[in-house]
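Listed below, chain by chain, are the residues.
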Amino acid sequence: MKKQLLALLTVIFIGFGANAQVKTPETTVLVLIHSQSGGTYKMAKAMAEGIQEYPNTKATIKRVASINPKEKLTVEVEKLPVATIEELANYDGIAFGSPVHFANISADMNYFFSKSIPIWTSRALEGKPATVFMSAGSGAGKEAAILSFWNILASHGMVIVPTGIMGTATLDKTVPQGNTPFGATSLAGSTGTRPSASELNLAKEQGKALARVASGLKNTESAKMLKLTPAEKVGFDVNKVLKDNNIVIPEAPMPVGNYVPFTISNNKVYINQVALKDGKILNPGKVGATVTDEQAKEATYQTMLNVIAVLKVACGGDLNKVKQCVQLTGYFNTTPEYTQHAGLMNSASNLTALVFGEKGKHARATVGAVSLPINSAVEIQAIFEIE
């Protein structure tokens, strides 16, 4: 009897094991828009609906910040969270939506991407799928606008997902529609309810297509492995990376007190630096008061360059001796209510990942401070392991 019971339990457990499914990580897709009168936002909701119809996929709608702080937005659009350029790297795919302005994307969306140099140099968006949808008052210039947007995405190495002829089978041909082979659009100034049902359906189909590509890429080979060139697979060369990306390492700043620029203990190098450039503090002051976020990011980038300059000295002039960036800690001189420290620190993290590749991956902390030495907006403490 005991043997029969044991055999029965064994069969049950084997059956559970055979039918068990391993849950893959959720695919995350961002729908990022600039919407003035709300038409692009309605398209974004249809896009998100299509994205979330794909299994195990989540859509998040956000907007870019308005250039004009007095710009009046619809209540729904106003409530949307504002995205930062750095967070784009955190998603598996991105759908971009914008009004058509003179056969181009809106100035607000264009300004958002003007801040993307750090994620461009670190190749943070490379291999990520993207798609574009737009809203045009007259419909004129909509295809040119999408293609102009594609130029930006291609520069970042993104995988572009077009619409082709999807959704045309159910298109209402009795009224003008904004369909294009490049991406869904809405004829915002045309007759009838806009976006029309056909335009929303096309946006939904486009969202499904993006989710399918994003999910497929997420579950294949690591995007970082795909980035490696044959030369990089043989051996990563920091000097080549610096040259290819026009990164100039400055002279290591000299101490101005009774201390040394670095110490080495058990193959660990300990370094502290501030935003010194050409003998002066770059963008001094308090973030959130006299220093803007963009100025703080510039100062953070310069501070990390100074850290690498000192590290080069510690390595005897050969940065290829770096085995690992262990820890970066960023201290920021901010107002008490400031909360965007992590976004500022990304400038240092992105530079480190670019220069040292896989060896540049590190643990990180960010701290707000009441003040910092010589009124620097940032100070970085770094720990590296070297050969």
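Remember, predicted model here, so these are calculated numbers, not experimental data. (Residues numbered from 1 in each chain as written. Predicted model: local features only at pLDDT ≥ 70, side-chain atom pairs only at ≥ 80, totals over all residues. Heavy atoms only, no water.)

**Things to note about the environment of V238**
The condition that has to hold: Strands here are runs of E lasting at least two residues and helices are runs of H or I lasting at least four, both read from the DSSP assignment and numbered beginning at the N terminus. By definition in these notes, contact holds between two residues if any of their heavy atoms fall within 4.5 Å.
Structurally, V238 can be placed in helix α10 (residues 238-244). The spatial distance from the C-alpha of V238 to the C-alpha of N320 is 5.9 Å, given a sequence separation of 82 residues. Filtering out sequence-adjacent residues up to four positions away, V238 remains in contact with L319, N320, V355 and F356.

**Focus on the packing of helix α4 (residues 107-114) against helix α6 (residues 142-155)**
Relative placement of two packed helices is described by the angle separating their axes and the distance separating the axes. Definition in use: Only the contacting stretch of a helix is used when fitting its axis, a line to C-alpha atoms as for every element, and angles between N-to-C directions run 0 to 180 degrees. In these notes the angle categories are as follows: under 35 degrees is roughly parallel, over 145 is roughly antiparallel, 65 to 115 is roughly perpendicular, and the rest is oblique. Ten residue types, Ala, Val, Leu, Ile, Met, Phe, Trp, Tyr, Cys and Pro, are classed as nonpolar, four, Asp, Glu, Lys and Arg, as charged, and the remainder, Gly among them, as polar.
Axis separation between α4 and α6 bottoms out at 12 Å; the angle between their running directions is 10 degrees. In terms of orientation, α4 lies roughly parallel with respect to α6. Contact residues: α4 offers M109, N110 and F113, while α6 offers F149, I152 and L153. Looking at the contact of α4 with α6 residue by residue, the class counts come to 5 nonpolar, 1 polar and no charged.

**Here's the deal with the confidence of the model for the chain**
What counts is decided by this rule: The predictor rates its confidence in each residue with pLDDT, a number between 0 and 100.
For the chain, the average pLDDT comes to 85, and 86% of its residues sit at 70 or higher. Helix α1 (residues 2-19) is the least confidently modelled element of the chain, averaging 41 in pLDDT, while strand β13 (residues 378-386) averages 97, the highest of any element. In this model, residues 1-23 is a region of pLDDT below 50 whose contacts with residues beyond four sequence positions or in other chains number 1 contact. Low pLDDT, under 50, characterises residues 221-234; the stretch is placed with 9 contacts to residues that sit more than four places away or in other chains.

**Here we look at the pattern of salt bridges**
One side chain can pair with another of opposite charge once the charged atoms of both are near each other. For the record, the criterion: For salt bridges, the criterion is a side-chain nitrogen of Lys or Arg within 4 Å of an Asp or Glu carboxyl oxygen. Three labels apply to residues, based on accessible area from a 1.4 Å probe with only protein chains included: buried if under 20% of the type maximum, exposed if over 50%, partly exposed otherwise in between.
By the definition in use, this model includes 13 salt bridges. The salt bridge partner of E49 is K204, with a shortest N-O separation of 3.3 Å. Taken together, the positions of E49 in helix α2 (residues 39-53) and K204 in helix α7 (residues 197-218) put the pair 155 residues apart, joining distant regions of the chain. Among the residues examined, K204 registers a relative accessible area of 19% and is labelled buried. With its nearest N and O atoms 3.4 Å apart, the salt bridge here joins K218 to D92. With K218 in helix α7 and D92 in the loop between α3 (75-79) and β3 (93-99), this residue pair connects regions lying 126 residues apart in the sequence. By relative accessible area, which is 31% here, K218 ends up partly exposed. Residues joined in a network through salt bridges with shared partners are E49, E53, K204, E205 and K208.

**Considerations on the environment of T40**
As for its placement among the helices and strands, T40 is situated in helix α2. The class for T40 is buried, based on a relative accessible area of 3%. Along the chain, T40 and V77 lie 37 residues apart, while their C-alpha atoms are 9.6 Å from each other.

**A few points about the nonpolar core**
Quick note on the threshold: Joining through side-chain atoms within 4.5 Å is the link that ties buried Ala, Val, Leu, Ile, Met, Phe, Trp, Tyr and Cys residues into a set, and such a set is a nonpolar core.
M304, L311, F356 and F384 are the most contacted members of the largest nonpolar core, which has 40 residues in total. The element contributing the most residues to this core is helix α11 (residues 293-314), with 10 residues. Not counting residues up to four positions away in its chain, the partners in contact with M304 are L328, A348, L351, T352, I380 and F384. Of all hydrophobic cores here, the second largest spans 28 residues; its members include I94, F112, A130 and F149.

**A word on the pairing of strand β2 (residues 57-63)**
We apply this condition: Only when DSSP finds a minimum of two bridges between them are two strands counted as paired. The handedness rule is simple: strands pointing away from the viewer, and a clockwise path from the first strand over the helix to the second, make the crossover right-handed.
Where burial is concerned, most of β2 is hidden: 5 out of the 7 residues are buried. In the sheet, strand β1 (residues 27-33) pairs with β2 via 7 bridges, with the strands oriented parallel. Residue pairing for β2: I33 is matched across the bridge by R63. With α2 bridging β1 and its parallel neighbour β2, the resulting β-α-β unit is right-handed.

**Focus: the pairing of β1**
The element β1 is largely enclosed, with a buried count of 6 among its 7 residues. Here 5 bridges tie β1 to β3, and the two strands are oriented parallel to one another. Directly across from L30, in β3, lies its bridge partner I94.

**Notes on α7**
Convention followed: To estimate how far a helix should reach, multiply one less than its number of residues by 1.5 Å.
For α7, with 22 residues, the first-to-last C-alpha span of 31 Å sits near the 32 Å given by 1.5 Å per residue. Where α7 is concerned, the buried positions are S198, E199, L202, A203, K204, Q206, G207, A209, L210, A211, A214 and S215. Next to the buried residues of α7 lie β1, α2, β2, β3, β4 (129-136) and β6 (185-187).

**Some details on the packing of α2 against α7**
Let me state the cut-off plainly: In this scheme the handedness of a crossing depends on how the near helix is turned from the far one: anticlockwise by less than a right angle means left-handed, clockwise means right-handed.
In contact at an axis separation of 7 Å, α2 and α7 are set at 40 degrees when each is read in the N-to-C sense. Accordingly, the angle class assigned to the pair α2 and α7 is oblique. Crossing of α2 against α7: the hand is right-handed. Where α2 approaches α7, its residues K42, M43, A46, M47, E49, G50, I51 and E53 are matched on the opposing element by E199, L200, A203, K204, Q206, G207, K208 and A211. The residue makeup of the contact of α2 with α7, split by class, is 7 nonpolar, 3 polar and 6 charged.

**Some remarks on the sheet that holds strand β8 (residues 268-274)**
With respect to topology, 5 strands assemble into an open sheet ordered β7-β8-β13-β11-β12, the strand pairing being mixed. Where the open sheet ends on each side, the last strands, each with one partner, are β7 (262-265) and β12 (363-369). Recorded for the sheet is a direction-independent mean angle of 15 degrees between the axes of neighbouring strands. As defined by bridge partners, strand β11 (residues 322-333) adjoins β12 across 7 bridges and the pair is classed as parallel. Note on β12: the bridge partner recorded for F332 is G368. Running over the sheet, α11 touches β7, β8, β11 and β13 and is turned about 35 degrees from β13.

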